[in-house]
Amino acid sequence: MLIIRYLLFFLLFLNSFINLKAQEFSFIDNVTISTKLQNHNIISIEQDSNGFLWIGTNLGLYRYDGYNFIAYNITSNPSLLDNNIRSLLIDNNNLWIASKGGINVLNLNTKVMQSYIHLENDKRSIPNNYVTKLFKDKNNTIWIGYNTNSISKYLGNNHFQNFKIKDVSTNSTINEILEMPNNNLIIEATELESNIKKIALINSSAVKIIRTSKESPQTLFQQNSVTYLATENKILKYQLTTQSFVDAGIKFNEKENLQGLAFTDKNNKVYLGTNNGTFYLFSLETNNVFLKINIGKSETWINSFFVDSTGLLWIATATGLYKFKQKQNLFRNHLHSLELSKANKIRSIIQDVNNDIYTVNQTDLFKYDSISKTFKNLNWTNKINSSPFSLLELDSLNLFVGTQGGGLGIYNKKTNVLRPYFKKNKFNNYNNHIFKIFKDENDIVWFGTRNGLKYYNSQKGEIESLANDNLNKDIIYDIKSNKKGSLWIGTSTGLFHLKVIYNNNNDLMMVNVSKIRSIFYEIRTILINKGTLWLATQSNGILKYDINTHRIKIFNEFQGLSNNTTYSILPGFKNDIWVGTLHGLSRLDTLNNLFVNFYDFNGLADNEFNSSSQLKSKNGELFMGGQNGISSFFPEDFDTDITNFKLNITKVSWYSSTKDSTMVINVDNNNLKSLTLPYDNTFVNFEFSVSDYLQPENNKYKYKFSGLQNEWRLLSKTNVLSFTNLPPGEYNLEVMASTNYGKWSKQSIKIPITVKQIYYKRWWFITFLGGFMVLIGFSIRRYELGHIKKMEELRLRISRDLHDELGSALTGIAIRAELLSEKLTIKAKDKVLSQISIQSREAVDTLSDIVWAIDSRNNSLQNLSDRMNNVMYLLLTPKNITFNLDAIEEKKSILLKQDYRQHVFLIFKEAITNIIKHSNATHVSVSFFKDKKSIRLRIQDNGKNISLTRDKLNGNGINNMRLRAVKMKSHLEIFTKDGFTIELWIDYLNK
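An account of the accompanying structure is given in this report. Computed from a predicted structure; not experimentally measured.

## Some words on the pairing of strand β36 (residues 398-403)
Argument step 1. Among the 6 residues that make up β36, 6 are buried, leaving the element largely enclosed by the rest of the structure.
Argument step 2. Residue alternation in β36 divides its side chains into two sets, Asn398, Phe400 and Gly402 and Leu399, Val401 and Thr403, and both sets are buried.
Argument step 3. Pairing between strand β35 (residues 388-393) and β36: 5 bridges, direction antiparallel. Considered in β36, the bridge of Pro388 is made with Thr403.
Argument step 4. Connecting the antiparallel pair β35 and β36 is a turn made up of 4 residues.
Argument step 5. Looking at chain direction, β36 and strand β37 (residues 408-412) are connected through 5 bridges and run antiparallel. Across the sheet, the residue bridging to Phe400 is Ile410, located in β37.
Argument step 6. The antiparallel hairpin formed by β36 and β37 contains 4 residues in its connecting segment, where Gly405 sits at a positive phi of about 105°.

## Examining the sheet that holds strand β2 (residues 42-47)
Argument step 1. With respect to topology, 4 strands assemble into an open sheet ordered β2-β3-β4-β5, the strand pairing being antiparallel. Each edge of the open sheet is held by one strand with a lone partner, namely β2 and β5 (69-72). On average, adjacent strands in this sheet sit at an angle of 25° to one another, irrespective of strand direction.
Argument step 2. Pairing analysis gives 5 bridges linking β2 to strand β3 (residues 53-57), with the strands arranged antiparallel. The partner of Ser44 across the bridge, within β3, is Gly56.

## Re the pairing of strand β59 (residues 661-666)
A regular strand places its side chains so that they alternate between the two faces of the sheet.
Argument step 1. Strand direction decides the pairing type here: strand β58 (residues 647-656) and β59, joined by 6 bridges, are antiparallel. Residue Val652 lies in a different strand from β59, and its bridge partner there is Ile665.
Argument step 2. Remark: 4 residues form the turn of the hairpin made by β58 and β59, two consecutive strands paired antiparallel; Asp660 in that turn has positive phi of roughly 50°.

## Structural notes on unusual backbone geometry
Argument step 1. In this structure, Pro78 follows Asn77 across a cis peptide bond, with omega equal to 5°.
Argument step 2. Along the chain, Pro78 turns up in the loop between β5 and β6 (85-91).
Argument step 3. Although it is not a glycine, Asn157 sits at a positive phi angle of roughly 55°.
Argument step 4. Looking at where Asn157 falls in the secondary structure, it is placed in the loop between β12 (150-156) and β13 (159-164).
Argument step 5. Owing to a relative accessible area of 66%, Asn157 belongs among the exposed residues under this scheme.
Argument step 6. Backbone geometry at Ser612 places phi at a positive 60°, although glycine is not the residue there.

## Looking at the pattern of salt bridges
Pairing between side chains of opposite charge can happen when the charged atoms of each approach one another.
Argument step 1. One pass over the full model with this rule turns up 14 salt bridges.
Argument step 2. Of the charged contacts, one joins Lys367 and Asp356 as a salt bridge, the two residues approaching to 3.7 Å between their closest N and O atoms. Placement of Lys367 in strand β32 (residues 365-369) and of Asp356 in the loop between β30 (348-351) and β31 (357-360) is noted, with a sequence separation of 11 residues between them.
Argument step 3. Under the relative-accessibility criterion, Lys367 is labelled partly exposed at 29%.
Argument step 4. For Asp356, a relative accessible area of 22% translates into the label partly exposed.
Argument step 5. Each of Lys436, Asp478 and Lys480 takes part in salt bridges that share partners, so that together they form one network.

## Some thoughts on the environment of Trp578
Argument step 1. Tracing the backbone through its elements, the reader meets Trp578 in strand β52 (residues 576-581).
Argument step 2. When the C-alpha positions of Trp578 and Met624 are compared, they lie 9.3 Å apart, and in sequence the two are 46 residues distant.
Argument step 3. A distance of 2.9 Å separates polar atoms of two side chains, one belonging to Trp578 and the other to Asp576.

## Considerations on the environment of Thr724
Argument step 1. Here Thr724 shows up in strand β64 (residues 720-724).
Argument step 2. A residue is classified by how much of its surface remains accessible, and Thr724, at 58% relative accessible area, is exposed.
Argument step 3. Residues Thr724 and Phe683, spaced 41 residues apart in sequence, show a C-alpha to C-alpha distance of 4.2 Å.
Argument step 4. When near neighbours in sequence (up to four residues on either side) are disregarded, Thr724 contacts Thr682 and Phe683.

## Describing the nonpolar core
Argument step 1. Grouped together as the largest cluster of nonpolar side chains are 36 residues, with contacts concentrated most on Leu864, Phe908, Ile939 and Leu984.
Argument step 2. Elements supplying a minimum of two residues to this core: α6 (861-876), α7 (898-918), β68 (923-930), β69 (935-941), α9 (956-967), β70 (971-975) and β71 (981-986).
Argument step 3. Top contributing element to this core by residue count: α7, with 8 residues.
Argument step 4. Other than its neighbours up to four places away in sequence, Leu984 contacts Val904, Ile907, Ile935, Arg936, Leu937, Ala965, Met968, Ser970, His971 and Leu972.
Argument step 5. Ile45, Trp314, Ala316 and Val596 belong to the second largest nonpolar core, which has 31 residues in total.

## Some words on the sheet that holds strand β9 (residues 113-116)
Argument step 1. Spatial ordering of the open sheet is given by β6-β7-β8-β9, a layout of 4 strands whose pairing is antiparallel. The sheet is open, and its two borders are formed by β6 and β9, each paired with just one other strand. Taking each pair of neighbouring strands and ignoring which way they run, the sheet shows an average axis angle of 20°.
Argument step 2. As defined by bridge partners, strand β7 (residues 94-99) adjoins strand β8 (residues 102-107) across 6 bridges and the pair is classed as antiparallel. When the sheet's bridge partners are listed, Leu95 is paired in β8 with Leu106.

## What about the packing of aromatic side chains?
Argument step 1. One pass over the full model with this rule turns up 48 aromatic pairs.
Argument step 2. A ring pair is formed by Phe435 and Tyr477, whose centres lie 5.7 Å apart and whose planes are at 65°; its orientation type is edge-to-face. Remark: Tyr477 occurs in strand β43 (residues 476-483) and Phe435 occurs in strand β39 (residues 434-439); sequence separation between them is 42 residues. The exposure classification of Phe435 matches that of Tyr477, with both residues buried.
Argument step 3. Relative to Phe723, the ring of Phe686 has its centre 6.4 Å away and its plane inclined at 80°; by these criteria the two rings are edge-to-face. Here Phe686 is found in strand β61 (residues 681-690), whereas its partner Phe723 is found in strand β64, with 37 residues between them in sequence.
Argument step 4. Through successive ring pairs, a cluster of aromatic residues spans Phe263, Tyr271, Phe279, Phe305 and Phe324.
Argument step 5. Here the basic side chain of Arg524 rests over the ring of Tyr477, its NZ or CZ set 4.3 Å away from the ring centre.
Argument step 6. When the ring centre of Phe555 is taken as reference, the NZ or CZ atom of Lys553 above it lies at 5.3 Å.

## Remarks on the packing of α6 against α7
Argument step 1. Viewed as axis vectors pointing N to C, α6 and α7 meet at an angle of 20°, and their least axial separation amounts to 11 Å. As far as their axial angle goes, α7 and α6 are roughly parallel. You can see that α6 and α7 cross each other, and the crossing is right-handed. Along its contact with α6, which presents Leu864, Arg867, Met868, Val871, Met872, Leu875 and Leu876, the element α7 presents Arg901, Val904, Phe905, Phe908, Ile912 and Ile916.
Argument step 2. Looking at the contact of α6 with α7, its residues break down into 11 nonpolar, no polar and 2 charged.

## Overview of the side chain of Lys323
Argument step 1. By secondary structure assignment, the location of Lys323 is in strand β28 (residues 320-326).
Argument step 2. Here Lys323 is buried and forms no salt bridge, its nearest opposite-charge partner Asp29 lying at an N-O distance of 4.1 Å.
Argument step 3. In this structure the side chain of Lys323 is engaged in a polar contact, spanning 2.9 Å, whose partner is the backbone oxygen of Leu694.

## As for α9
Argument step 1. A rise of 1.5 Å per residue sets the reference length of α9, with its 12 residues, at 16 Å; its end C-alpha atoms lie 16 Å apart and thus fit the reference within 8%.
Argument step 2. Within α9, burial applies to Gly957, Ile958, Met961 and Ala965. All buried residues of α9 lie within an arc of 100° about the axis, which places them on one face of the element. Counted as exposed and oriented over 90 degrees from the buried face of α9: Asn956, Val966 and Lys967.
Argument step 3. Looking at the buried residues of α9, the elements they touch are α7, β70 and β71.
Argument step 4. Where α9 ends, the next residue or the one after it, Lys969, has phi of about 55°, a positive value.

Conventions adopted
- Residues numbered from 1 in each chain as written.
- Predicted model: local features only at pLDDT ≥ 70, side-chain atom pairs only at ≥ 80, totals over all residues.
- Heavy atoms only, no water.
- Buried < 20%, exposed > 50% of the residue type's maximum accessible area, 1.4 Å probe, protein only.
- Helix = DSSP H or I, 4+ residues; strand = E, 2+ residues; numbered from the N terminus.
- Pairing = 2+ DSSP bridges.
- Axes fitted to C-alpha atoms, helices over the stretch in contact; angles between N-to-C directions.
- Salt bridge = Lys/Arg side-chain N within 4 Å of Asp/Glu carboxyl O.
- Polar contact = N/O pair within 3.5 Å; in protein donor to acceptor, adjacent residues only side chain to side chain.
- Contact = heavy atoms within 4.5 Å.
- Core = buried A, V, L, I, M, F, W, Y, C linked by side-chain atoms within 4.5 Å.
- Phe/Tyr/Trp six-rings, centres within 6.5 Å; stacked < 30°, edge-to-face > 60°.
- Lys NZ or Arg CZ within 6 Å of the ring centre and 35° of its normal.
- Parallel < 35°, antiparallel > 145°, perpendicular 65-115°, else oblique.
- Left-handed = near helix turned anticlockwise from the far one by under 90°.
- Nonpolar A, V, L, I, M, F, W, Y, C, P; charged D, E, K, R; others polar.
- Lys, Arg positive; Asp, Glu negative; His and termini not counted.
- Expected span 1.5 Å × (residues − 1).
- Arc of directions from axis to C-beta.

In structure tokens, the structure reads:
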């Protein structure tokens, strides 16, 4: 049973090995699986100047940025003529889209869509709406093929020149258009009813059919200006002299159903697609079909090929969009598990004094053959029966071998035997696992074990420990020396420094141990370069430790390291170091602190490396061992300027809390020059993309948001930058990117961003509010001053009225009261008392009028009417003069200004006084009339003593009435016909 298991295991690896040898690509992925395009038939692919991929399908057009697909179809804005896309073409910043409904031209900067369709009465329109092919010649002229026997030349200004292909049925489809020398075109068409394939040569004056065939599959393509035709079992070459196709000497092993398409890359490799899930890759230079690649199910039709700006191969099929990374031969691989037919973890690599290189895996010892550039298994005899783990040259004939549980062994190169070094194992069970063997300048051998640091005491012939608790308990991974008597120890708890003192016989006498307390990470490998230690850590990247200043600098994934778990470090060619990690190999330029990363698709034997499995040979070649063999290379051979990709901001979105809505801006071609955000942004998202589509999830982005965060920050495994509740202000967003290779792009995107302030905190509102408050304060003060002035005027008026009205009356009363003290007759005293009584009542009435006049509660016209009615009753009734008053009846009170009311009342009272004194009237009529803007007061009597009254018209009373009317900006008229009449027009709305 065990034999069967080993046999199956061997066959499995043998089969994998055979497939590997035939495999040209190291990375294959179906991009559209589990996306909105998973059921689409992918027809055509193009890439614009900003690196976006444009994908034409049977269900619409899509723009792909590595993360998301944006759809364009008959319902989108802008919209297409038809969803069934047949061909795509980039012309400057315009994307030409051929479909079953016509031609759309999308301006990639403005997103304006132009449409071209067939118009019956316009010969300069396209001849058919079913467009099958777009082609641009070397003069940048665009040619169009259709589902008929016509082609068109685009003349510009929305005009086309159409050509019919003679001897080809109208029920045909144009499959291919290519350019020949002398500006001729060669066209391949299929007559649909008969399935006859015809190839026509077209020049400015004639059309010539140069080949007619009923062969089902055939594909027209060009390489280096030479035209070829792929048929079902061979390749034909076009001869200009005979204008015919001849055998090119390339044959297929079996008949193939070619899908009618071919593609030639810049390396002169030709790709031919089939309708059975495979494609051919071959070279016309070697005339040999060397690769047939299966990419999907047998019913998968391959529609087109495309190579993007980074060299990634894209294949459009009926079952999805595939991307292929062609394997690069940047590294030489040794002892790969497929080569050995078993798992192969490299444990140690050394070079001896004879320049021979040795390495061990779990079981075997290998020696490097410098001629064949391969490692040969020495098939040693292992008498320890324990897995080897570490190597050290003891002398020219022997190697020390540290084992995994078996203690120390010695390998003799002549006998090819590994045996225990001690007859009795000097290592106890806890430190039998030897990770590292190191010999210092005094030939003292040090052992790094699973249970501390040990050394060989040659005087006692014993393995001894140091008197240090940490070094007796830690796992010791690496031991290095920077000068005599100075050792650096990498352990599971950090870095230690040993100052070793030797006696005269160069034997160890004393050791001073110090722990570098600032370094507490697990140290797997130490590289000493002058006064600097480079330390590979388990999960914290690599550390640069200055021995003199004790300063530490950390390099991790943020700076571009492929992975934070690092195992091995080697010096490179000049100023570079190479770091083997858990996932990839990183090259660090120590002058510029820039990383470039490499992976298995670049030719590494494996992405995961091992500790102590590295060597820089004496000729400068680096050997990096890992979980699946060894990768070797010369560091000076590498061109690390891998920055030919485009960085884009693809989408900006934010949520408005007040509007409870999300605003989205889809950005194309980096046309976002600035951004203004509302003050109520609850969250803001920026989405980025890089035109390296190999593994977009491994692309990295860092940003600096000046005004909020002035240092560079790394986005953690995402292409989305999010902010919450950005405060108002002016900011600048700067973004950079790195791809799978780890090198940060020279291109960066800078966008000024303004977050608006809420309106009541903006300068104009604060200015307005300040001005408004000043205006209010001014108005209040003005009102106060006006009120003070009015109160002063009121006091003056009251004082004047009291003086004028009451003064004379009170003076008369006082005089008459003094007369009573004199000797008067009783009749004379009665007369004086009667006069005092009359004057007292007049004074009371006057005082009542003054009090009424200053009471603001009496400002209504109704109160004025009531007061006037009382006055007429008191003054006219004793004179037997009848009266009537017609007031205005309104639901809403008509209010008069206080001074207006007083003026009106005093004019009225003066008029009544004049009637009593100067008219012999028996009736007085007082009426109020109202129109839109004014009130009219009419006072009229039926007096007959007009001659007497006319003489008094210019008296003081009448003048006072006119003066009061002027103060109210009113109009006063006096009439003496048919009695005494006064009319006063009061503009009561005049405030």
